[in-house]
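# Tertiary structure, described
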Amino acid sequence: MDRGLLLEIYRDMLLIRRFEEVAHRCYTEGLISGFLHLYTGQEGVAVGAISAARPTDYIVATYREHGHYLARTRDPKSAMAELFGRASGCSKGRGGSMHFFDLARRFMGGHAIVGGHVPLAAGVAFASKYRAEPDVTLCFFGDGTANMGAFHEGLCLASLWKLPVVFICENNLYAMGTPLYKTLAVEDVSTRALGYPMARETINGDDALEVRESVGRALRRAREEGLPTLVEAKTYRFRGHSISDPAKYRSKEELEFWKKRDPILTLAERIYTLGMADEAQLKEMELEVRREIDEAVEFARNSPLPDEKTLHDYVYAGSGEETAGGGT
Amino acid sequence: MRQIAYREALREAMSEEMARDERVYLMGEEVGAYQGAYKVTQGMLEQFGEKRVVDTPIAECGFAGVGIGSAMVGLRPIIEFMTLNFSLVAFDQLINNAAKLRLMSGGQITLPIVFRGPGGGAHQLGAQHSQCTEPFYCYTPGLKVVMPATPRDAKGLLKSAIRDENPVVFIESEVLYGFKGEVPEEEYTIPLGVAEVVRPGKDLTIVAWSKMQHLVKLVLPELEKQGIDAEVIDPRTLRPLDEDAILASVRKTSRLLIVEEGWPYGGVGAQIAYLVQRNAFDYLDAPVERVTSEDVPMPYAANLEKAALPSVEKVFAAVNRLLGR
Ligand SMILES: Cc1ncc(C[n+]2csc(CCOP(=O)(O)OP(=O)(O)O)c2C)c(N)n1
Ligand SMILES: [Mg+2]
């Protein structure tokens, strides 16, 4: 195991954890509004998966996408500024928490209609194949998404047309307040892959390294054979569905059980066991990350609001600043 | 009279109708065990059990279709969309099935079904969660569209919608759920298709529905102070529209302002403006005015959202234009 890589994975997860905690605080202080779906507890999935991808591979995600955005960009400033609704945000303050975009870094959005982005991911992969480019698309979504028509249609087409895409279901056992067993007629989400058909794996999403390996296999399958995969990563969100959800539908024991599997703590243990860093070193990293997040908050706070004169920008091509269309 | 919240009024309407008619059932995401995403259906699972309060997976197209299918053979479903934004996932079911089955079957099929949930924006929910869907549904023959502004109307109209023999799209508002108002203890219904004159007046007519009624209320004291006597009308049902009520008012006041939360292009207000110019042209002293949202998907940033929405200032400006001031 490469020490640098391991510490990088650890740091990326920590960055997400602290970012979300500070975002939560800023929300309660009234600096952020709208919906806020925190990624706390699921960091192993985004970081493990995205660490296995190339920077040129595309990412399509949901409204719970802060983690994926940070794993790809390591840019908490543009993320925090977006949450603050500032012109310097990654979507220029237009998107908010649920709609982070960064075309240049191939982050193709947070999307807030459950399932709606799954065919989009297949479409991005379609374009890669069309242009004979080697890029693969990673599509993230939750367990609750596996019942949506758009999910099924997206996977159907990806299989039919052999599209280079990796579908990653983050199975955190709940869709809002609804436990998975109440809505899913099969045990594992990944069994859904059988009917399309496509390759499938069910893995421990709280182990970033296991995620990295599994998604790595799926990426190779996509890149080399042009075939999609459905990866189901079992994980847990430590917070409610969104900031306004006290999550009373889950027992304390259940939460405690999953907190013992905290992807960050368990990775720290592994790092110690392997002798790749000691507590002081991780502590130092922690301070660094906190400083970075504090700077992001300062950046967001000091950034200008979008100019009201630009309200009508970005509705049609040609209004507002031109952005490069169609990839890169 | 007792005061209850808009959400409680809706719950009473559903509970009373379910107690009254075994064929009525409720279906949607988080309506049961979670007690409703906005707590509208609180306690209903306990009252009626899992057979009649059905929690669904996230599958709007599927469960809207199941509702329609069950109504084809005599059940009377209430289908809750967590918000009307998600009804767009079921758009095909509403437009191609619910609205058309009766005509396509030559009248053999009757479809007593209610699709309900909150429409419009709330606070900085972004482009996919802040839209008014009523024009989509009002456009479509075969559907009825209801949008109550008060707890009293919410209850009386929802009861009528449940008893109606047609598909009804019943659009509530997230920001009104906690709003309290007088609701009679005793049983009552309010007929669909009948507007209410909320405030009689003689200088101009203001037509607004749902949340926009409450915006108009904020403007009235200042108008009164300035000696402007506005007549305020709440159509309450947008399809079928109470055309007579609006026309009678405009024939009296000669000036019309429509305030709506939706986009301007092809909005419900555009249809009302057409109606009035067609049927009361000679009575008009000024072009019909509309206050709408700006013609842009809703941006997240607080200042942009504010700029995009109808506001007190925009209503005043429109009134001034109407009065030639
Ligand atoms: C089509 C649609 N229906 C309902 C919603 C409201 N909603 C937002 S997230 C969510 C739960 C999604 O659960 P899951 O897919 O498991 O993702 P998680 O939130 O657990 O990450 C629901 C019902 C929505 N955004 N879109
Ligand atoms: Mg989930």
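So, a few notes on the structure that sits alongside this text. (Residues numbered from 1 in each chain as written. Chains lettered and ligands numbered in written order. Predicted model: local features only at pLDDT ≥ 70, side-chain atom pairs only at ≥ 80, totals over all residues. Heavy atoms only, no water.)

### Some thoughts on the packing of helix 2 (residues 43-52) of chain A against helix 3 (residues 66-73) of chain A
Residues and elements named next belong to chain A. For the record, the criterion: Interaxial angles span 0 to 180 degrees and are taken between N-to-C directions of axes, which are lines fitted to C-alpha atoms, for helices over the stretch in contact. Where helices and strands are cited, they refer to DSSP runs of H or I of at least four residues and of E of at least two residues respectively, numbered from the N terminus. Take the far helix as the reference: if the near one is turned anticlockwise from it by less than a right angle, the crossing is left-handed, and if turned clockwise, right-handed. We call two residues contacting when some pair of their heavy atoms lies within 4.5 Å. Only Asp, Glu, Lys and Arg are considered charged in this grouping, and only Ala, Val, Leu, Ile, Met, Phe, Trp, Tyr, Cys and Pro are considered nonpolar; every other residue, Gly among them, is considered polar.
Relative orientation of the contacting elements helix 2 and helix 3 amounts to 35°, with a least axis distance of 9 Å. The two elements helix 2 and helix 3 cross, and the hand of that crossing is right-handed. Note on element contacts: helix 3 touches helix 2 through Gly67, His68, Ala71 and Arg72, opposite Ala46, Val47 and Ile50. When the residues that make up the contact of helix 2 with helix 3 are grouped by side-chain class, the tally is four nonpolar, two polar and one charged.

### Some remarks on the coordination of the magnesium ion (ligand 2)
Residues and elements named next belong to chain A. Note the threshold: Water is absent from the atoms considered, so a metal site may look incomplete; donors are defined as N, O and S atoms within 2.8 Å of the metal, or 3.2 Å for Na, K and Ca. Residue exposure (1.4 Å probe, protein chains only): buried if accessible area is under 20% of the type maximum, exposed if over 50%, otherwise partly exposed.
The protein atoms that coordinate the magnesium ion (ligand 2) are Asp143 (OD), Asn172 (OD1) and Tyr174 (O), at distances of 2.1 to 2.2 Å. Site description for the magnesium ion (ligand 2): donor spacing in sequence, D-x28-N-x1-Y. Here the residue Asp143 occupies a position in the loop between strand 3 (137-142) and helix 6 (149-160), and Tyr174 occupies one in strand 5 (residues 174-175), the gap between them amounting to 31 residues. Look at Asp143 and you get buried, because its relative accessible area is 1%. With relative accessibility at 8%, the residue Tyr174 sits in the buried group.

### Comments concerning the interface of chain A and chain B
One frequent convention defines the size of an interface as the accessible area lost when the parts assemble. This is how the line gets drawn: Reported buried area values correspond to the accessible surface (1.4 Å probe) lost by two parts on association, with both partners' losses combined. Think of a salt bridge as a Lys or Arg side-chain nitrogen and an Asp or Glu carboxyl oxygen that are within 4 Å of each other. Under this definition, polar contacts are N or O atom pairs within 3.5 Å; protein pairs additionally need one hydrogen-donor-capable and one acceptor-capable atom, and for neighbouring residues in sequence, both atoms have to be side-chain atoms.
Contact with chain A, which involves 36 residues of that partner, is made by 32 residues of chain B. For the pair chain A and chain B, the two sides together bury roughly 2700 Å², of which 66% comes from carbon and sulfur. Considering only the side of chain A, the residues that lose the most area to chain B are Ile113, Met176 and Leu311 of chain A, jointly responsible for 22% of the buried surface there. Summed over the shared surface of chain A and chain B, the result is zero salt bridges. At the boundary of chain A and chain B, one finds 12 residue pairs in polar contact (both at pLDDT 80 or more). For the side of chain A that touches chain B, the secondary structure elements donating two or more residues are helix 4 (76-83) and helix 7 (180-183) of chain A. Residue composition of the side of chain A that touches chain B, grouped by class: 16 nonpolar, 14 polar and six charged.

### A look at the environment of Arg239 of chain B
All names here are of chain B. With respect to the helices and strands, the residue Arg239 is situated in strand 12 (residues 237-239). The class for Arg239 is partly exposed, based on a relative accessible area of 27%. Each C-alpha atom of the pair Arg239 and Pro297 lies 25 Å from the other, and the pair is 58 residues apart in sequence. Of the polar contacts made by the side chain of Arg239, one reaches the backbone oxygen of Cys138; its length is 2.7 Å.

### Points about the nonpolar core
Spelled out, the test is: Each nonpolar core is a collection of buried residues, namely Ala, Val, Leu, Ile, Met, Phe, Trp, Tyr and Cys, held together in the definition by side-chain atoms within 4.5 Å.
Of all hydrophobic cores here, the largest spans 65 residues; its most connected members are Tyr10, Met80, Leu83, Leu138, Phe140 and Ile168 of chain A. In terms of residue count, helix 1 (residues 3-28) of chain A provides more of this core than any other element does, 13 residues in total. In this structure, Phe140 of chain A is in contact with Val45, Ala46, Ala49, Ile50, Ile59, Val60, Ala61, Thr62, His68, His117, Ile168 and Glu170 of chain A, ignoring residues within four places of it in sequence. The next biggest cluster of nonpolar side chains, apart from the first, holds 45 residues, and it includes Ala71, Ile233, Leu247 and Ala273 of chain B.

### A closer look at the pattern of salt bridges
All names here are of chain A. Summed over the entire model, instances satisfying the criterion amount to 52 salt bridges over all chains. As a salt-bridge pair, Arg17 and Asp262 come within 3.0 Å of each other at their nearest N and O atoms. One end of the pair, Arg17, is in helix 1; the other, Asp262, is in the loop between helix 9 (252-259) and helix 10 (263-273), with 245 residues separating them in the sequence. Judged by its relative accessible area of 7%, Asp262 falls in the buried class.

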